[in-house]
Every structure is written in structure tokens, then in C-alpha cells.
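If you want the building blocks of each chain, they are given just below.
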There are 2 protein chains.
Amino acid sequence: MKNIIKLRAPVAVTASASAVGKAEHDGPLGALFDLHDESDTFGAQSFELAEGEMQRQALNTAVFKAGIRENDIDIILAGDLQNQCVASNIGLLSYPVPMAGLFGACSTIAEALALGALLTDGGYVKTAAAVASSHNCAAERQFRLPLEYGGQRTPTAQWTVTGAGAFILRTDGGGKRPRISDVLIGRRIDSGINDAANMGAAMAPAAADSLLRYFSDSGTSPSCYDMILTGDLGAEGAYHLERLMAENGFPLAGRHRDCGLLIYDRLTADVHSGGSGCGCSACVLSAYILPQLECGQLSDIIFTATGALMSPTSVAEGQAIPGIAHVIHLMRGEGE
Amino acid sequence: MKNIIKLRAPVAVTASASAVGKAEHDGPLGALFDLHDESDTFGAQSFELAEGEMQRQALNTAVFKAGIRENDIDIILAGDLQNQCVASNIGLLSYPVPMAGLFGACSTIAEALALGALLTDGGYVKTAAAVASSHNCAAERQFRLPLEYGGQRTPTAQWTVTGAGAFILRTDGGGKRPRISDVLIGRRIDSGINDAANMGAAMAPAAADSLLRYFSDSGTSPSCYDMILTGDLGAEGAYHLERLMAENGFPLAGRHRDCGLLIYDRLTADVHSGGSGCGCSACVLSAYILPQLECGQLSDIIFTATGALMSPTSVAEGQAIPGIAHVIHLMRGEGE
């Protein structure tokens with residue numbers, strides 16, 4: 001079994017972009033996102049189509065920032081939370097380029113960045129695009145209840161982020177842009193949680209498994225990095241992850257941040273345990289973390305997006321909710 | 001935009017296995033599948049769990065045939081038709097190894113083989129497993145109607161195959177086993193079809209797009225290969241593909257076979273346009289095609305699995321059903 005997969009040479013995230021809804025724009029990172037829509041519809045006729053349109057606008061913006069054209073993309077690696085990943089497949093239809101659809105639940109952007117970095121590093125493609133999204137209104141009625149029902153949510157429940165992130169990966173021309181030096185693909189960990197309103201608890205053991213594999217294989221510890229950034233564990237999951245890491249001899253020592261806790265102000269936004277969804281870590285990474293890696297405020301971080309692997313049917317049947325977490329090692333670019 | 005992606009050296013499909021349900025075992029290829037269950041349940045409590053169990057049994061068998069242990073697998077690339085790909089994510093839980101979830105509808109096994117071959121060829125992993133499945137009963141009630149409803153099906157409708165295929169990919173030790181020499185990742189093609197009961201028409205233009213890109217880029221034509229094998233176009237889709245290829249100057253010239261037409265006897269089985277589903281091409285490739293490549297009856301084929309990218313919600317909203325088709329170039333092994 002493989003743990004860390006090293007790249008021959010770091011792959012640059014030459015550009016990235018984010019698009020979010022109103023709640024995310026109202027949050028503490030609001031001003032940092034490239035695009036937002038107060039109506040959450042992005043001009044589309046349904047919430048499902050809105051998610052696809054949000055992806056398209058995020059990728060358009062990333063492509064523009066990278067100074068490339070849509071046809072320069074050799075492969076799009078994309079996924080989302082909608083059944084059969086239709087937000088990506090239909091939303092990005094205007095991109096007439098090869099595409100590999102991914103499903104990793106909320107870990108999707110890390111899966112896309114990992115596979116994109118490997119395909120780019122291997123010389124199989126020159127330019128890869130990694131894209132992921134989620135939309136609160138599309139997710140709520142698909143996974144839980146119609147919005148109109150106004151169902152009460154439990155304290156451990158998370159709030160699906162309305163957001164999309166898009167990243168352009170290339171081996172050359174990165175300049176000072178952040179680089180991916182190595183990745184680790186996650187294993188599915190079933191820790192006996194089958195409560196869809198407690199995804200943090202379902203995902204935390206998977207995050208711990210991947211981080212422990214990473215630190216063991218690399219001979220490093222959390223203190224070797226400026227930040228250990230998790231995808232969207234929320235308050236509940238972050239608590240469990242920090243506990244599990246400390247119990248296993250790798251305390252995160254104040255270096256842990258979680259995208260699900262960064263994106264909303266939990267004192268004012270009614271998001272319970274925090275943000276979640278494929279779009280959560282994708283847009284926080286693009287808007288808040290990568291700029292810090294570019295300007296030097298951060299120089300070496302571990303990013304691990306986490307996913308809860310379930311469907312409405314599997315939850316109704318009482319099946320397990322395995323977690324998964326993929327790791328991306330991001331460093332400051334060294335070019336001019 | 002990238003067309004054909006060549007491998008540095010051919011990657012061997014060192015072993016493969018298939019598991020199917022009753023209808024598939026009753027079909028013309030019935031005796032060739034490794035495993036089957038007359039009850040379609042594989043001992044599981046629901047059709048959804050049965051699909052996961054079928055995947056697990058297929059992968060177990062492939063691992064046994066390859067003479068490896070489950071821990072020798074560096075990455076599993078797997079997907080299925082169930083919402084959020086839970087058949088793969090939950091069914092393969094007993095495999096404690098890294099996994100990347102894929103969604104490519106019925107093209108999934110080609111996507112998995114393509115990415116697995118690239119990661120193996122690049123030296124990023126030594127052993128990759130590609131797995132895909134579908135289950136008629138799980139798919140019918142998810143995509144269409146409860147089985148008990150007994151709804152009438154249109155002539156262009158296809159019958160979702162109850163089947164799973166698993167493939168082990170390695171760069172070494174292939175002997176005479178079939179090898180992948182190059183791949184092409186498909187583009188999504190929207191040809192205006194939004195009838196979920198006519199997936200053949202939705203997928204055929206994507207198959208034509210990928211095959212035309214392949215032949216143009218390689219400077220070859222269909223007659224250069226022993227077989228052009230499509231995933232699951234069925235009778236309707238096969239007709240459209242052959243027409244489109246002829247119109248574009250690359251007639252398939254009697255070399256075209258379709259897994260959806262091979263797996264059932266349409267004169268006796270009530271499958272209308274033929275078989276479909278991620279499991280269709282996966283189990284036909286494993287049970288019927290790879291053995292012919294191993295013994296020399298075939299020596300050089302093009303395999304293109306096709307997918308119709310839709311969800312129950314996207315169909316209900318009248319959205320497009322884009323098709324996608326990935327190409328795998330398979331050759332006879334040359335070792336002893």
C-alpha cells in the first residue's frame with residue numbers, strides 16, 4: 001500500500017478562483033472570494049443548475065487569471081455533491097475538453113488536485129483543471145428535506161456551503177504561485193457513525209488516518225508545517241481530530257485550521273457545527289490560503305480535505321458512513 | 001487540448017474478474033463470468049448492498065488471480081451508478097487501501113483503467129485496481145420507478161446490467177496478459193437528447209467524438225484494429241455510432257461490437273435496446289474480451305466505454321443528457 005506519492009518536481013497552482021453565495025459572502029472571508037451572487041441562483045432556473053453555473057464562472061475566472069484559453073486545458077478533474085455529479089458534468093459543458101468525473105464527497109477538491117498534480121507531473125497532460133462545488137439549496141433537498149419544510153437541525157449538523165473553487169495546475173510558469181510537492185490518497189475509514197447529521201464525527205477518523213500515515217511516512221510532525229488545514233470537519237469533527245491526533249502522539253499543537261470553521265462566523269450565522277460540502281474547502285483554499293502561500297505569510301502547509309461517503313438511500317438503509325481524506329502538501333513557490 | 005495519451009511502456013492487466021446476476025448468467029456469455037448469483041442478492045439485505053458485495057467479490061477474485069494480497073493494492077479507482085457512488089465506497093470497505101472514487105456513468109471502467117494505467121506507468125503506484133459495477137434493481141428504483149410498479153419500457157430503453165468487473169494493473173509481470181498502450185479521455189458531448197429512455201442516442205455522439213479524435217490523432221482507421229468495442233450503446237446507439245462514423249469518413253466496417261448487445265440474447269431476454277450500466281462493459285471486457293486478447297484470437301483492439309451523464313433530478317428538470325466516452329487501446333501481451 002502506498003502512502004506519500006512524491007512528485008518528480010513540484011506542480012504549480014498557476015491560478016485559482018472561487019465563487020460563493022450570500023451566506024459565504026457575508027462571512028469573515030467574504031471579501032476574498034472572486035465572485036458571489038446575493039440570490040444564490042447565479043442566474044439559473046434551479047438550484048441544481050445554479051451550482052453548475054457557479055462552477056463554470058469559477059473555472060472561467062481561473063482560466064482568465066492563468067492567462068490561458070479554455071482549449072489549453074488538457075483535462076478537467078471535477079466533482080460535486082449532486083447525484084451522479086451533474087453539477088460538474090452539465091455545468092462545465094461549455095468546456096469542450098476531456099473530463100474525468102470524480103466523487104469523493106467533500107474531499108473531492110483534494111482528490112482532483114492530487115490526480116491533477118500526478119497527471120501533470122508525469123507529463124501526461126500539460127494543463128489540468130481541478131474543480132469542485134456544492135450548493136446549500138441543492139444539497140439540502142437532495143440529502144435531507146425540502147427547504148420549505150423548515151426542519152430543525154441538530155447541533156452537530158453542518159451547513160453545506162454554496163461555493164465553487166477552480167484551480168489550474170501546470171509544471172511550468174508558476175513563478176511565486178504555490179506548488180504541490182507530494183500527495184497522499186486517503187483510505188475509507190468506517191468508525192461506526194451512521195448519523196448523517198454528524199459528518200464531523202464520521203470524517204475525523206479518516207482525517208486522522210491520513211495525517212498519521214503522512215507524518216509517519218515522511219518522518220515529520222505537525223510542528224514542521226505552518227498549518228494543518230482540514231476540509232470541513234466543523235467544530236465537532238475538529239474536536240475529534242485534535243483528540244485523535246493527540247492520542248496517537250501527533251498533537252496538532254495549535255496549527256490546525258478547518259475550512260468549515262473559517263468560512264462562517266458561527267456566532268452570527270446559523271450554521272451549527274460549521275460549513276461543509278465540496279465547495280467549502282475548494283473556495284477557502286483558493287480565496288484565503290493560496291494567497292497567503294503566494295505572499296509568504298505561509299510557506300509550507302498540509303491540506304487534507306475530508307469526505308463523508310453516503311447517499312440518501314444508504315443513510316435510509318442504516319448503512320455505514322465511511323470517511324475519507326486526501327492529503328496535499330502545498331509549499332510557497334520559489335520563482336520570481 | 002490533449003488527445004491520445006501514450007504510456008511510456010504498456011501497462012499489463014495482470015488479472016481481472018467478473019460477477020453477474022441471473023439474467024446475465026442466462027445470456028450468451030453466461031458461462032464465462034467468474035461468479036454469479038441466481039438471486040441477484042449476493043447474500044445482502046438490499047439491492048444497494050448487493051451491488052457493493054458483488055464488487056467486493058469481483059475484486060477479491062481478481063486479487064486472487066493476480067497472486068497478490070489486498071494490501072499490495074496501492075490505489076483502487078472505482079465507481080458505480082448509485083447516488084454518491086456508495087456501492088463502491090461501502091462495498092469495498094474491506095479493502096484498507098487508498099481509494100479514488102470516480103463517476104463517469106457507464107464509462108466508469110474506462111475512466112478507471114485510463115487513470116490507473118497512467119498512475120502505474122508514471123511510477124506513482126505499482127499496483128492499481130479498477131472496479132465498476134451496476135445492479136439492475138438498485139438502478140431501476142433510483143433512476144426510474146420502483147420495480148413493483150411494473151412500468152412499461154420504451155423500445156429504445158436499455159436494461160441495466162447486474163454485474164461488476166475488477167481489473168489489476170501493473171507495469172511488470174504481465175506475461176501474455178493484455179496490455180494498455182495508450183488512452184484518450186473523453187469530452188462531454190451534448191447532442192440535445194434529454195430522454196432518459198434513449199441513452200444510446202445520448203452516448204453515440206460522444207463515442208463518435210472520441211473515436212474520431214483517436215483515429216485522427218493516431219493516423220489510423222478502424223480497419224487497423226481487430227475490434228472497435230463500445231461500452232453499452234445498445235441497438236439504438238450502435239446504429240447511430242456506425243452512421244456517424246461512416247458520415248465522417250471512418251466507417252467501422254464490420255469491426256464494431258457493443259458490450260450491451262453481446263451480454264444478452266435480445267430474442268429471448270426482454271432487454272429492449274440491450275444492456276447498459278457501469279457493470280456492462282466491465283464484466284464483458286473481463287470475461288469475454290481479455291481472454292481473447294490473451295490467447296491471441298484478438299491482438300489489437302480499441303475499447304471505448306460510453307456514459308450518459310444524468311441524474312433523476314436533472315432529467316426531471318429537463319436538463320441535457322451529455323454523453324462521454326473514454327478510449328483504451330488494448331493489445332496482446334508479448335511476454336512468455
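Going by the structure above, here's the rest.
None of the values given here were measured: they were computed from a predicted structure.

All names here are of chain B. Judged by how many residues are buried, helix α5 (residues 136-143) sits mostly within the fold: seven of eight residues are covered. Of all the positions in α5, only Asn136, Cys137, Ala138, Ala139, Glu140, Gln142 and Phe143 are classed as buried. Contact partners of the buried residues in α5: α2 (47-66), β5 (127-134), β6 (159-160) and α10 (312-316).

Our focus in this paragraph is the pattern of salt bridges. Tallying each qualifying case throughout the model produces 24 salt bridges over all chains. Among the ionic pairs, B:Glu48 bridges to B:Arg141, the shortest N-O distance being 2.6 Å. You can see B:Glu48 sitting in helix α2 and its partner B:Arg141 sitting in helix α5, a full 93 residues away along the chain. For B:Glu48, a relative accessible area of 7% gives the class buried. Linked through salt bridges whose partners overlap, the residues forming this network are A:Glu48, A:Arg141 and B:Glu317.

Here the focus is the pairing of strand β9 (residues 227-230) of chain A. Residue and element names in this part refer to chain A. Here β9 shows a buried face lined by Met227 and Leu229 and a second buried face lined by Ile228 and Thr230. Summarising the sheet, β9 and strand β12 (residues 300-308) pair through four bridges and their orientation is parallel. Bridging across to β12, isoleucine 228 finds its partner in isoleucine 302. Read from β9 through helix α7 (residues 234-247) to strand β10 (residues 256-258), the crossover connection turns out right-handed.

As a further point, take the interface of chain B and chain A. Often the size quoted for an interface is simply the accessible area lost on bringing the parts together. At the junction of the two partners, chain B supplies 63 residues and chain A supplies 63 residues. In this assembly, chain B packs against chain A so that about 4900 Å² is buried in total across both faces, 57% of it on carbon and sulfur atoms. Contact with chain A buries area across many residues of chain B, yet B:Gln84, B:Tyr124 and B:Arg188 alone supply 19% of it, more than any other trio. Connecting chain B to chain A are two salt bridges. Inspection of the region where chain B meets chain A yields 34 residue pairs in polar contact (both at pLDDT 80 or more).

Interaxial distance between helix α4 (residues 108-121) of chain A and helix α4 (residues 108-121) of chain B falls to 10 Å at its minimum, and their mutual angle equals 55 degrees. Relative to α4(B), the element α4(A) lies oblique. For the pair α4(A) and α4(B), the crossing hand works out as left-handed. Contact residues: α4(A) offers A:Leu115, A:Leu118 and A:Leu119, while α4(B) offers B:Leu115, B:Leu118 and B:Leu119. Here the residues of the contact of α4(A) with α4(B) sort into six nonpolar, no polar and no charged.

This part covers the packing of helix α6 (residues 199-218) of chain A against α7(A). All names here are of chain A. It is the contact of α6 with α7, at a shortest axis distance of 8 Å, that shows an interaxial angle of 35 degrees. Read as a crossing pair, α6 and α7 show a hand that is right-handed. Where α6 approaches α7, its residues Gly200, Ala201, Ala204, Pro205, Ala207, Ala208, Leu211, Leu212 and Phe215 are matched on the opposing element by Glu236, Gly237, His240, Leu241, Leu244 and Met245. For the contact of α6 with α7, the per-class residue count stands at eleven nonpolar, three polar and one charged.

Rules used in this analysis
- Residues numbered from 1 in each chain as written.
- Chains lettered and ligands numbered in written order.
- Predicted model: local features only at pLDDT ≥ 70, side-chain atom pairs only at ≥ 80, totals over all residues.
- Heavy atoms only, no water.
- Buried < 20%, exposed > 50% of the residue type's maximum accessible area, 1.4 Å probe, protein only.
- Helix = DSSP H or I, 4+ residues; strand = E, 2+ residues; numbered from the N terminus.
- Contact = heavy atoms within 4.5 Å.
- Salt bridge = Lys/Arg side-chain N within 4 Å of Asp/Glu carboxyl O.
- Pairing = 2+ DSSP bridges.
- Right-handed = clockwise from strand over helix to strand, strands pointing away.
- Buried area = accessible area lost by both parts, 1.4 Å probe.
- Polar contact = N/O pair within 3.5 Å; in protein donor to acceptor, adjacent residues only side chain to side chain.
- Axes fitted to C-alpha atoms, helices over the stretch in contact; angles between N-to-C directions.
- Parallel < 35°, antiparallel > 145°, perpendicular 65-115°, else oblique.
- Left-handed = near helix turned anticlockwise from the far one by under 90°.
- Nonpolar A, V, L, I, M, F, W, Y, C, P; charged D, E, K, R; others polar.

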